[in-house]
Each structure stands twice: as C-alpha cells, then as structure tokens.
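Chain residues, written in single-letter form:
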Amino acid sequence: MIRNGHNARRPGAGFAPRTRKGGVRRAETRSIRRGPYARRGPPAQRRRPARSGLSVQGRQPSRRGLPVRRTRSRPGTLHRRRRTLAAVRRPVGRRPGIRSAGASAVRRWRDLGFRSGSAWREAHPAATAEEARAALHGHVNHAFAPGGEGGAASSKPAGAMSSAIRAYADGFMRGAGFSLPVEPVPLKGTASAVVCAGRNEAALEAVLGQLERLPLREWIVVIPDHAQTALAIAERHARSVIVPAGGWTGGAAGRALGAARTGADTVLFVDGEQPAPAGELARFLRAVDGGMDAALNARPSGIAKFHLRPPADRLMEFLNFSLGRRDLGVRSLAALPFALSRRAIDAIGAHTLAQPAKAHALLLLRGLRVGLGGSVPWRAMSDPDIRDHLEAWREAMALRGGRMSFPDRRRNRAAAGEPAP
Amino acid sequence: MADVSVVIPVMNERRTLRRVIREAFRVDRGAEVIAMVNGSTDGSERIARACGAKVIVFSKPLGHDVGRAIGAKAAGGRILLFVDADMVIPARRLRPFVDAVRNGVDVALNDYSGPVRKMRVHGVVLAKHALNALLGRPDLEGASLTAVPHAMSRRALEAIGAESLSVPPLAHARAICAGLVVRRICRVNVGALNPRRGRKGRGRSLERLIVGDHLEAIEWWTRHADPAGAYGLCGLRTMESGGVP
C-alpha cells in the first residue's frame, strides 16, 4: 500500500481518482474498458456492468467489499464530524468517501493548491516550516475570500467548502515540499490566542502544537513565576508572546492579562493544561470571524444528570436561564476554550475576563451575539467563585431590576406588611 | 400557650381541608391550628371552623404565600409548622419537623429537591439549587422554604420577620444570612402529593413567579452579603456552626 503522496502526485496522471492501492487497478480498468478489449475484460469486471460504468464518473465500489461511505461527501456532513487528533493527521486524499460527487472539485482545488505551493517554494527556496504555514494561511485567505478564486466555493455548503479548503491546503503543502499538519481557516480579520500555563507545565507543548496549525498571528502565553519548563516550551515557538503572570493568580486572571496584550480581531482562549484538537479550535475562529461575538465551548451541559452536576454548573445554568438564554445550558465563559470578538472584548473590558461569570453576564446584557463554537471536553471548575457570581447578578439587576423579567403580579404583599419588590 | 402552631393557608380547599386540619391537630397535643382562609367561596371557612381551627378570613385572594406570613404573625406557638390545605400529609410524617426544631434546629426543611435525575430540570428546581449554591449552602441541594412542610422556631421567625414569608426564597436567604441553623430533615414527596398544578391550571406561569422570587432573594443577598467586602461570610459561618447535617 502506498502511504505517502508523492507517487499519487505524478505529473500527468497525478490527479486521476485513486484507489487505496495507489491507482494501479484503476488505470488497468480504464484501459481495458476503453481499449479494444473492453468487452472481453475479466469476468469480474463484466459481472458488475452498472457499477463499473459509475466508476468512470469517479465512483467505484470499495475494493474490500466495504460500503462506500457517501455520508462524508454529502454537503453539510463533513464539518459536523468529530475531528479527533488522528483525523486531523490523516491526509485528505486518502479518505475513501471523497471520491463521489465533489471529487472532481476537490481534485481541482488540490491541483490549484499544489501549483500555488510549488510557485511559492520556487520564490522562497530557503523557507522555514513556520514560513510555509504562514504562506499557506495567506494563500487560503486569498483563494477563499468572498471575491477570490474560491468565491464560488464560499456559496457552497460548509461541508463542501471545508473539503475544498483542506484539499487546497494539502496540495499547497505538497507543492511547497513540506509535510506539516495545518488547519486552514480562511479569516477576514486577524486572530490571536491566549494561553495560561498551568501547574502541569509539560502539557503546554501539546497545546502549542495544536495552536501552531491554526492561522493565528501570535499567541500570548501567560507564564506564572518560576514556571521554567513552561517558559522553555513557549520560547521554542516563534509565534509565542510571553507575558509573565506577575502577582496574578488563577487561570481567569491570566486570561484577562493576556487579552489586554493583543489587538487581534478574534481572540481564542485555550486551556494551557489540556490540549484541544486544532480542528475543533478552528470552529471557534470561524464562528467569531463570521460575525459572532462570543463562541462558547459547545460541549453539551448534559454530561451528567442534574443531580450529579457541581454547584458551579447550577449557578451558571441559572444565570443563563434568568438572562433568557436557557438554550445555553451551563455553557459560559467559565469553560475553556472560547473565542471573543474585538467588539466583545472592548464592550466588557479585557480586565473583566478575570471574573468569568460577570464577563459572561455582561456579554448577554450588552446584547452581544453569544453562540457556540467547537466542542471540547473541559476540566470542571472546583468551587464556584461566589464573589464573581454576586457581581454578575449585581450587573444584571442594575440593568433589568430585582426580579429581571420575572414579575410578581399576584401577591397582595401589603396585607402581610411586606414591601413591594 | 400552645407549644406548636400549625399554619394552613386555605383557598377553596374543601375537598381536603377537613383531613388536613385533623392531621394538624394530631401533630402535637394541644397544637394550635390556624386556617388562613382567603378568597374562598366553597365553604372552606365553615369547614375550618367546624374542625376547631382558629380561622382568619380574607374575602379577597391574598396570592401565593402571603397567607402563610399573616398566619405566622397570628401564631402563638414556640414552634411553627407550615402545611398546605390541598395535600393531606399524615401527622407521623409532620412530627419529625417539629421534633427537629424542639432539638435545636431553627429552620427544619423538607428534604425535597424536585425531580433532579434528569438532563434538563424545571426552572424552579434549577432556581432553588442555584440559590443554595450562591448562599454557600450547596449541601441543602434544592431544599428551601419554598416547599412545605417545614417548621421553624420562634427565634427564626423573629430573626427573618414574619412578613418575609410572603416570598419564601427571600425568607430562606434571610434565615441563612442570620446565622440560623437551617437543615434538611426528611423527605416528603410533595411533587407526587401535589395535584394542584393540573387542577388549578397554575402550571407554567407559576414557574415564572417562583423563579422571580428566587431572583428577588438573590437581589437581597447581593445587597446584604457584602457589608464590608466580606462576601458570603455570614452564610459560611452558618455552615461552620452546625448548618451542615
């Protein structure tokens, strides 16, 4: 089995759809069917005339008797699939399902990417991997901007769009001669990330490894005092901006500190101790770049039934409920990762992020667009910060009154001597 | 003077009232039973008098929980027990609340949190849990003065003010802030006993009223929890001094 791509990228025949065996069988099949012996092909071929006919169009039955997985290539399904780390690493060209409907478009994009990548490498023969990534993200932005070559693609469903982008990125990297994992996301604005190194300093390596794949301008790494391991890890990455935590303690305080140090249009906040797959993080960037002000971790609140959830979750769920966002469940700025727009950070103030509940309430109270981004497992908070929650309620009630949108029109309180609310 | 006063708000409850009053008298020898008849047109008043209860009548409906506050003001007992007129709870299941108060508890709550073994709970259940979490008493789960039966000492009534019983979550917050001993005693599943939701069509609109009550309690708490920058301190003191069962 051919595992690498260079064989499949042979000039001339390079962009014919391939089988898992590297296209050998396919080439034979085609020559037999089109050649003078077409009707005298092996019995196995003749037994399935209808499906062989289809294969000329680009679809053929699976070699091993496995069903062709059409679902992946159906528009709108690809982007919903859970992307594990393994899935991100798998080269796009080898996905068995990609051969159907959009396969020719995917090939075209990969071809285009390959040519762009080759041309870029010729112009930059001494380029580093980091430069190749930056160039790719620039090219993706250019190719898939509303007015760019991918302008037509952008009107397509997200699934088709995302496979086109992946194919382009895959082609670009091969063309440029680099074998680097990338997560291409066409963005209108700039994006940065904020990471706070935690107690488990070594985990930062994997976290930054995922951030590296994304089109981030830089990432702010907030490093606590005496965290030498974390500092060494952060310094190895060219895009790291190191900010000493100083007297600040706690993850939320670090986020506030980091947020104040970036002026990017989209700011992604990630956990420094628990790596999240770049593919999921990309969804936060896409959501905010597409007009959302706050993209929360979509990890459903229903991990456990209500009676098993910690008090912090109950407080958050009630805060959402009373602010008219029952649909958010327990999802809030208290759970990493999340992404905020520049507009959101300016509206609530970067320093407010040190108090997640208050910041969350302010987002909703200021009428900012709060929705969901990717879905990432997150570490449960320990005890709720009561002070933070009290301030969240104070903000809410200062604006919407003591009972907010839940009035009491039934009671005759005067009869008991209790003042009206 | 009676040792135990049982306060029962009544609004058109002739179907169950007789049995409720009978069980109330059985809770304690010489108990005082106060029926707060308000807005009743079905002869509940006559039934209450016939059963030997002390009757206070308001021709207009007082609305939720206000009857309990007025009844508490009229009560003379050392221990106050609160029940509803539309569900019959046997005296043997009411006595543990009275006994707890007799043994030093200030506020003896029904250990009932509503249906919680599900992914998405009722808004009232959520509100009750959230309020307790905010008050620094997550150990109380969803138990609160919102649910009957519950009992309290006269000391507790004086500390929180009888009028505050009009808004039970507010009374609950005040009790905890006052440093009273607030405990879950035992479970009376009022959800199963309580048929009124369908019968009187109170359903969803009641959810908004009770959620609002909890917000009112939270609003009160935001003003009182921080007298000198010491957030939630009085709530924590309650826990240390024996608030945790």
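Residues numbered from 1 in each chain as written. Chains lettered and ligands numbered in written order. Predicted model: local features only at pLDDT ≥ 70, side-chain atom pairs only at ≥ 80, totals over all residues. Heavy atoms only, no water.

### Some thoughts on the overall build of chain B
Helix and strand counts for chain B stand at eleven helices and seven strands. Taken across its 245 residues, chain B has 60% of its residues classed as buried. Looking at chain B alone, contacts between residues at least 24 apart form 76% of all its contacts between residues at least 6 apart. Accessible surface, chain B as shown: approximately 9,500 Å² in total, 50% of it carbon and sulfur. (Helix = DSSP H or I, 4+ residues; strand = E, 2+ residues; numbered from the N terminus. Buried < 20%, exposed > 50% of the residue type's maximum accessible area, 1.4 Å probe, protein only. Contact = heavy atoms within 4.5 Å. Areas by Shrake-Rupley, 256 points an atom, 1.4 Å probe, with all protein chains shown as cover.)

### Looking at the packing of aromatic side chains
All names here are of chain A. Applying the stated rule across the entire model yields eight aromatic pairs over all chains. Summarising the aromatic geometry, the rings of W109 and F144 are spaced 4.6 Å apart at their centres and angled 35° between planes, so their arrangement reads as tilted. Of this pair, W109 sits in helix α5 (residues 103–123) while F144 sits in helix α6 (residues 129–144); the two residues are 35 residues apart in sequence, bridging distant segments of the chain. Accessibility assignment for this pair places W109 and F144 in one class, buried. Residues W109 and Y168 carry aromatic rings whose centres are separated by 6.2 Å and whose planes lie at 70° to one another, so their mutual orientation is edge-to-face. Residue W109 is found in helix α5, and its partner Y168 is found in helix α8 (residues 158–176); the two are separated by 59 residues along the sequence. Under the relative-accessibility criterion, W109 is labelled buried at 11%. Members of the aromatic cluster, joined through ring pairs, are F318, F321, W393 and F406. Here R314 stacks its cationic end above the ring of F306, 5.0 Å away from the centre of that ring. (Phe/Tyr/Trp six-rings, centres within 6.5 Å; stacked < 30°, edge-to-face > 60°. Lys NZ or Arg CZ within 6 Å of the ring centre and 35° of its normal.)

### A word on the sheet that holds strand β3 (residues 54–58) of chain B
Residue and element names in this part refer to chain B. Read across the open sheet, the seven strands follow the order β3-β2-β1-β4-β6-β5-β7; overall the sheet is mixed. Two strands close off the open sheet at either side, each with one partner strand: β3 and β7 (182–186). Direction aside, neighbouring strands of the sheet carry axes that sit 20° apart on average. Across two bridges, strand β5 (residues 107–110) lies against strand β6 (residues 150–153) in antiparallel orientation. If you follow V107 over to β6, its bridge partner there is M152. Where helix α1 (residues 14–27) meets the sheet, it contacts β1 (4–10), β2 (32–38) and β4 (79–82), and its direction lies at approximately 165° from that of β1. (Pairing = 2+ DSSP bridges. Axes fitted to C-alpha atoms, helices over the stretch in contact; angles between N-to-C directions.)

### Concerning helix α10 (residues 228–235) of chain A
All names here are of chain A. For α10, the set of buried residues is A230, I233 and A234. Down the axis of α10, the sector holding all buried residues measures 95°, keeping them to one side. Among the exposed residues of α10, those oriented more than 90 degrees off its buried face are Q228 and E235. Looking at the buried side of α10, the elements it contacts are α9 (203–211), β2 (218–223) and β3 (240–244). (Arc of directions from axis to C-beta.)

### Some words on the confidence of the model for chain B
Confidence in the prediction for chain B averages 87 pLDDT; 87% of positions are at 70 or higher. Within chain B, the element-level pLDDT minimum falls on helix α11 (residues 233–243) of chain B, averaging 40, and the maximum on β4 of chain B, averaging 97. (pLDDT = per-residue confidence, 0-100.)

### Regarding the nonpolar core
Counting residues in each nonpolar core, the largest one holds 97 residues, and the members touching the most others are F318 and L340 of chain A together with M152 of chain B. Residue contacts for M152 of chain B: discarding those within four places in its chain leaves R78, I79, L80, F82, V101, D106, V107, L145, L157, I160 and L165 of chain B. Membership of the second largest hydrophobic core comes to 37 residues, among which are L17, V83, F97 and A108 of chain B. (Core = buried A, V, L, I, M, F, W, Y, C linked by side-chain atoms within 4.5 Å.)

### A few points about the sheet that holds β2 of chain A
Residues and elements named next belong to chain A. Pairing in this open sheet of seven strands is mixed, and the strands run β3-β2-β1-β4-β6-β5-β7 from one edge to the other. The outermost strands of the open sheet, each flanked by one partner alone, are β3 and β7 (370–372). The sheet shows a mean angle of 20° between the axes of neighbouring strands, taken without regard to direction. Pairing of strand β5 (residues 294–296) with strand β6 (residues 338–341) involves two bridges; the strand directions are antiparallel. Within the sheet, the bridge partner assigned to A294 lies in β6 and is L340. The sheet contacts of α9 involve β1 (191–196), β2, β3 and β4 (266–271), and relative to β1 the element is tilted by about 175°. Sheet strands in contact with helix α12 (residues 278–289) are β1, β4, β5, β6 and β7, and its direction is about 155° off that of β4.

### Digging into the interface of chain A and chain B
Taken together, the 39 residues of chain A in the interface contact 52 residues of chain B. At the boundary of chain A with chain B, total buried surface from both sides reaches about 3,900 Å², with 64% on carbon and sulfur atoms. The largest per-residue losses of area from chain A upon contact with chain B belong to F318, R410 and R411 of chain A, which jointly make up 19% of the total buried on that side. At the junction of chain A and chain B, the tally comes to six salt bridges. Between D213 of chain B and R411 of chain A there is a salt bridge whose closest N-O contact spans 2.6 Å. Taken together, the connections running from chain A to chain B amount to 16 residue pairs in polar contact (both at pLDDT 80 or more). Ranked by residues supplied to the side of chain A that touches chain B, first place goes to helix α16 (residues 386–400) of chain A with eight residues. (Buried area = accessible area lost by both parts, 1.4 Å probe. Salt bridge = Lys/Arg side-chain N within 4 Å of Asp/Glu carboxyl O. Polar contact = N/O pair within 3.5 Å; in protein donor to acceptor, adjacent residues only side chain to side chain.)

### Some remarks on the environment of R107 of chain A
Residue and element names in this part refer to chain A. Considering the arrangement of structural elements, one finds R107 in helix α5. Exposure remark for R107: the relative accessible area of 24% places this residue in the partly exposed category. Distance from R107 to Y168, taken between C-alpha atoms, is 8.7 Å for residues 61 residues apart in sequence.

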